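The lines below spell out each chain.
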Amino acid sequence: MVGCEELLINWSNAFVTFTSVFLGALFAYKFGLKLEKLKFKRQMRGDFCTLVSQMWLNLDEMLEYKRNILDNIKIAYEKKNIEAISTIIRGPMVSFEFNIDKYIFLNDCNRCFIPELNIVHSNYENLKFLCVNYTKRLFEAKPQYIEGNQNVWEEMNKTFLSIYDIYSKLCIRLHYLNKHLGDCYKRFFNINYYDIAEDENEARNKIENYIPGALQDENFIKMSEYFDNYWAPIRTFYEDIKYHYRKSKYYFKWIKIYFLGCHKTKNKTKSKESK
């Protein structure tokens, strides 16, 4: 009897020890996982805020350059002022270079973000190419115009107006991108509960002042509406229920496949249907 009692006690001690070690390891794993998740969220929010700041500053610089340089050139062309073909277009001091891999998480917010960022970058690169070619042509056009070639004036004016239109549309596109980034901030990243309505009104007034009729363009309105169709749902009680339902459904399906082998690939299904 003594031996049985000692054996029982030893097994009890072993079970307690094993359980303590297992729970300790499990707690350490869960705690480490939680810290990694928090670290990732901080990094994600930092990258997002960096992107937002870059895009807002880019738009401000582009609007100021439009008002101070491009608008003056446009007026000079309208007044037949020689300054029109004497002013080169260097472009604003902005950058649309960014590592797209850092912002893949934006797909979880709205799948339109990554394509839109790529479009903005591509449009700006095209705009830079057009500005360089226009500036190169200026060095030939001005002497030709002074010598009496009137056709060169119309040629340069037409080229400039094309660049002006592309530039203005890029500014409008960037405004809408900033608007959607602001919506994304309010939905997913506003941990300090800031009210950015005043900033949004200021941005709207500025784009309308610098580009009259900018927010009445039907193409951009439709683009914005299309963008709004793909927001990830905000977390609610109902969304949590749907999430846990999908999760449990997935696990039950996996258990069924694992234990019963009830799984048919598409190829097998098609081959049976063909027979």
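In this text the structure is predicted, and so the values were computed from the model without any measurement.

Peer 1: Would you take a moment to explain the layout of surface pockets for this structure?
Peer 2: To locate leftover empty space, one rolls a probe as large as a water molecule over the atoms. If you add up the space inside the largest pocket, you get close to 950 Å³. Lining the largest pocket are 23 residues, and of these Lys-41, Met-44, Phe-188, Pro-233 and Arg-235 lie nearest its centre. When residues in the lining of the largest pocket are grouped by element, the largest group, 7 residues, is from helix α1 (residues 2-78). Broken down by class, the residue content of the lining of the largest pocket amounts to 12 nonpolar, 1 polar and 10 charged. Here the second largest pocket defines a volume of roughly 580 Å³. Lining the second largest pocket are 23 residues, with Trp-56, Asn-178, Asp-199, Glu-200 and Ala-203 sitting closest to its centre.

Peer 1: What is the right way to read the nonpolar core from this model?
Peer 2: A general tendency of soluble globular proteins is for nonpolar side chains to be buried together. Residues Phe-48, Met-55, Tyr-77 and Leu-106 are the most contacted members of the largest nonpolar core, which totals 62 residues. Residue assignment for this core shows that the elements contributing at least two residues are α1, α2 (113-146), α3 (151-189), α4 (197-210) and α5 (218-228). For this core, the element with the highest residue contribution is α3, accounting for 17 residues. Ignoring sequence-local partners within four residues, the contact set of Tyr-77 consists of Ala-84, Ile-85, Tyr-134, Trp-153, Met-156, Asn-157 and Phe-160.

Peer 1: Explanation requested: the side chain of Asp-71 in the structure shown.
Peer 2: The topology assignment puts Asp-71 in helix α1. For Asp-71, the residues in contact, after removing those within four places along its chain, are Lys-66 and Tyr-164.

Peer 1: Would you mind going over α2 with me for this structure?
Peer 2: Each full turn of the α-helix corresponds to 3.6 residues, which orients residues three or four apart in the same direction. Between its terminal C-alpha atoms α2 stretches 48 Å, which fits the 50 Å expected from 34 residues at 1.5 Å a residue. Of all the bends in α2, the largest measures some 35° and sits at Leu-138.

Peer 1: Can you help me understand α4 in this one?
Peer 2: With 14 residues, α4 extends 20 Å between its outermost C-alpha atoms, agreeing within 8% with the 20 Å of an ideal straight helix rising 1.5 Å per residue. Along α4, the residues that are buried comprise Ala-203, Ile-207 and Tyr-210. The buried side chains of α4 occupy one side of the element, clustering within an arc of 75° when seen end-on. Across from the buried face of α4, at angles greater than 90 degrees, the exposed residues are Glu-198, Glu-202 and Asn-209.

Definitions and cut-offs
- Residues numbered from 1 in each chain as written.
- Predicted model: local features only at pLDDT ≥ 70, side-chain atom pairs only at ≥ 80, totals over all residues.
- Heavy atoms only, no water.
- 1 Å grid on protein atoms, 1.4 Å probe; cavity = no way out; pocket = protein on both sides within 12 Å on 5 of 7 lines; lining within 4 Å.
- Points joined across faces, edges and corners; volume = space filled by probe spheres on them.
- Helix = DSSP H or I, 4+ residues; strand = E, 2+ residues; numbered from the N terminus.
- Nonpolar A, V, L, I, M, F, W, Y, C, P; charged D, E, K, R; others polar.
- Core = buried A, V, L, I, M, F, W, Y, C linked by side-chain atoms within 4.5 Å.
- Buried < 20%, exposed > 50% of the residue type's maximum accessible area, 1.4 Å probe, protein only.
- Contact = heavy atoms within 4.5 Å.
- Expected span 1.5 Å × (residues − 1).
- Bend = angle between axes of the 7 residues up to and from the residue.
- Arc of directions from axis to C-beta.

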